[in-house]
Amino acid sequence: MSKETSRRDFLGYSFAAVAAVGGAASLVGMKQAWDPLPSVLAAGFTTIDLANIGLEPGKPQVHTWRGKPIFVLLKTDDMEKFDGDLVIGEKRYTVVIGLCTHLGCIPSWKKDMWKCACHGGEFNANGQETFGPPPKPFVIPPFSVNDTVLTLGEEGTESKAMMAARA
Amino acid sequence: MAKINESLFTAEGFDKRMNAKKFWKVMMTEYWIPKDINFLWAMGVVLATTFAILIVSGIFLMMYYKPDTALAFDSVNYTIMQEVAYGWLFRHMHGVAASVVFLIIYIHMFTGIYYGSYKKGREMIWISGMLLFVTFSAAGFSGYMLPWGQMSYWAAAVITNLFAGGSLEAWGLVEWIRGGFAVGDATLTRFFMLHVFLLPIVIIGIIVLHFYTLRIPHVNNQESEDIDYDAEAEKYLAGNKKESKVIPFWPVFLSKDFAVLGIFLIFYFYLVFFNYNFAMDPVNFDPANAMVTPAHIYPEWYFLWSYETLRGPFFDMFGMKAMDIGLIIFGLAQVIFVIFPFLDKDPDILPAHKRPRFMIWFWIMIIDLLVLSVYGKLPPTGANAWVGFYATAAFLLLWISLPFITKADAKARGAL
């Protein structure tokens, strides 16, 4: 290989290396431009006072957290007791993100279970999948409990335990 | 550079600078098309025209549309539909053309499959065409989100949620695509950008590529005859137009295209003026609401068949979750047509009517896609779920059998 050729090779490789680093850095920047904005991330906390929202046994309510529906069900005495319930005093609650784990539609409460209109998935009062394409139970949102007040978005021992019971 | 003394503003001077006559000859008057074709060969020009209609009507819509969750719904349903002069016309033209363009794409695709126009030298035509199908699908999906009605919102929620399956969830891919925890303002604005800028630019690029891929292998013909284009073109140019097996693209081929195009446009404008409702789902005239899923959601008709393969497998099988099986088949359905040329093991280019087993395969595939489309729109309960399941299974079996069926035809003909 002559001296002339290797100098050209060196220039070529240098050019390719600079272009590759610059290209990769640009891609990282472009990727980050599509990330959720800081204001979106910061607005991620919601409180629900279970004693003060007029919950009736067997009639779930729908609350909102991070633009997602949260199902809050006060269980009746006839309903199965489940390790993954949120227990506060004598009362047992189901608190889940109300999005079907198949493709994210909002199932609606039909007598004693949630039914999804999109692809026919069904979930029982514990939030466990019982029929159709959903691959797993409803997801438990991270929350902490202070007396009867839930703070959604803040990971606490109760929500961790509920997640573990469904794993 | 050769010295050019003629003024730019004379025909000769212009031609000397731009070589326009030569360009016209290469692209038009000496671009050869076989004579032995039928109206199905006009679909390319029909598609190009429909795409032009989409661009023009889209430009007018874009001048009043607002890509903001607080304004989008009213900017479409109040401003464009009621205030802008002919705003309703541009919206209905855009919506109906977006629907009809898929009808023509499917006809164009299955014409290619029937006549074997995807193989032995024509693979790049097929592959670039399927890239167009994928980019048109992306454009259709992103555009459907813009009116920000209930169907817009929930189609966006369900389809972006596909990227939350399995380990994709851990990568935060779905939040990245949406720009938030749920489909929202950031999602709407970025899909607006994709719909009105990035995707149209990419589509135009691929259309140019698609036209170019035709140039070397030429268009196929009804009997898949191998034509010596140089010899036939020479006959035509020497005046033996009757004997020659070819015609020039302009003016001869295009005159026939324009006749077909005329009939198509009568059909299209009939839909625009008298039957636009099929492209305007009533559910989408309710503003987007993240807290209420419509009772029954379904995509536009052209996505129904692949949507049905997603939900066809509704119970766990082979140690896999129903959802994962559905996702795998759905993913496969999006790309499997691209590799058609490589699954066809017949060494000859022949139309389906000369390949008896393939002919049966072809019609079963069309019937299966129609069944999938019909059941994709029905609620997935009871017997419907089973029809969907078997139609999805049939879809898979058809693809698995394709190499064997095409080989069997070749053997029976003595070609293998």
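Keep in mind it's a predicted model, so treat the numbers as computed, not measured. (Residues numbered from 1 in each chain as written. Chains lettered and ligands numbered in written order. Predicted model: local features only at pLDDT ≥ 70, side-chain atom pairs only at ≥ 80, totals over all residues.)

Novice: Please explain helix α12 (residues 304–311) of chain B as it appears in this structure.
Specialist: Think of an α-helix as turning once every 3.6 residues; residues three or four places apart then point the same way. Taking burial as the measure, the eight residues of α12(B) include seven buried ones, the bulk of the element. Of the positions making up α12(B), those classed as buried are B:Trp305, B:Ser306, B:Tyr307, B:Glu308, B:Thr309, B:Leu310 and B:Arg311. (Buried ≥ 20, exposed ≤ 12 C-beta atoms within 10 Å, placed from the backbone. Helix = DSSP H or I, 4+ residues; strand = E, 2+ residues; numbered from the N terminus.)

Novice: Quick question: what am I supposed to make of the interface of chain B and chain A here?
Specialist: By a widely used convention, the size of an interface equals the accessible area lost when the partners come together. Contact with chain B, which involves 31 residues of that partner, is made by 23 residues of chain A. A class-by-class count of the residues in the side of chain B that touches chain A yields 18 nonpolar, eight polar and five charged. (Contact = placed C-beta atoms within 7 Å. Nonpolar A, V, L, I, M, F, W, Y, C, P; charged D, E, K, R; others polar.)

Novice: What is the right way to read helix α3 (residues 43–62) of chain B from this model?
Specialist: Residue and element names in this part refer to chain B. Here α3 spans 28 Å end to end across 20 residues, near enough to the 28 Å set by a 1.5 Å rise per residue. Listed in full, the buried residues belonging to α3 are Met43, Val46, Leu47, Thr50, Leu54, Ser57, Gly58 and Leu61. Down the axis of α3, the buried set is contained in an arc of 110 degrees. They therefore lie on one face. Of the exposed residues in α3, those oriented more than 90 degrees away from the buried face are Ala52 and Ile59. The inward-facing, buried residues of α3 abut α4 (72–83), α5 (87–115), α9 (185–215) and α11 (249–274). (Expected span 1.5 Å × (residues − 1). Arc of directions from axis to C-beta.)

Novice: What am I meant to see in the packing of α12(B) against helix α15 (residues 356–377) of chain B here?
Specialist: When two helices pack together, their arrangement is given by the angle between the helix axes and the distance between those axes. Residues and elements named next belong to chain B. Contact geometry of α12 with α15 gives a least axis separation of 7 Å together with a crossing angle of 75 degrees. By the angle between their axes, α12 is roughly perpendicular relative to α15. On α15, the residues that touch Leu304, Trp305, Tyr307, Glu308 and Thr309 of α12 are Leu369, Leu372, Ser373, Tyr375, Gly376 and Lys377. In the contact of α12 with α15, the residues fall into six nonpolar, three polar and two charged. (Axes fitted to C-alpha atoms, helices over the stretch in contact; angles between N-to-C directions. Parallel < 35°, antiparallel > 145°, perpendicular 65-115°, else oblique.)

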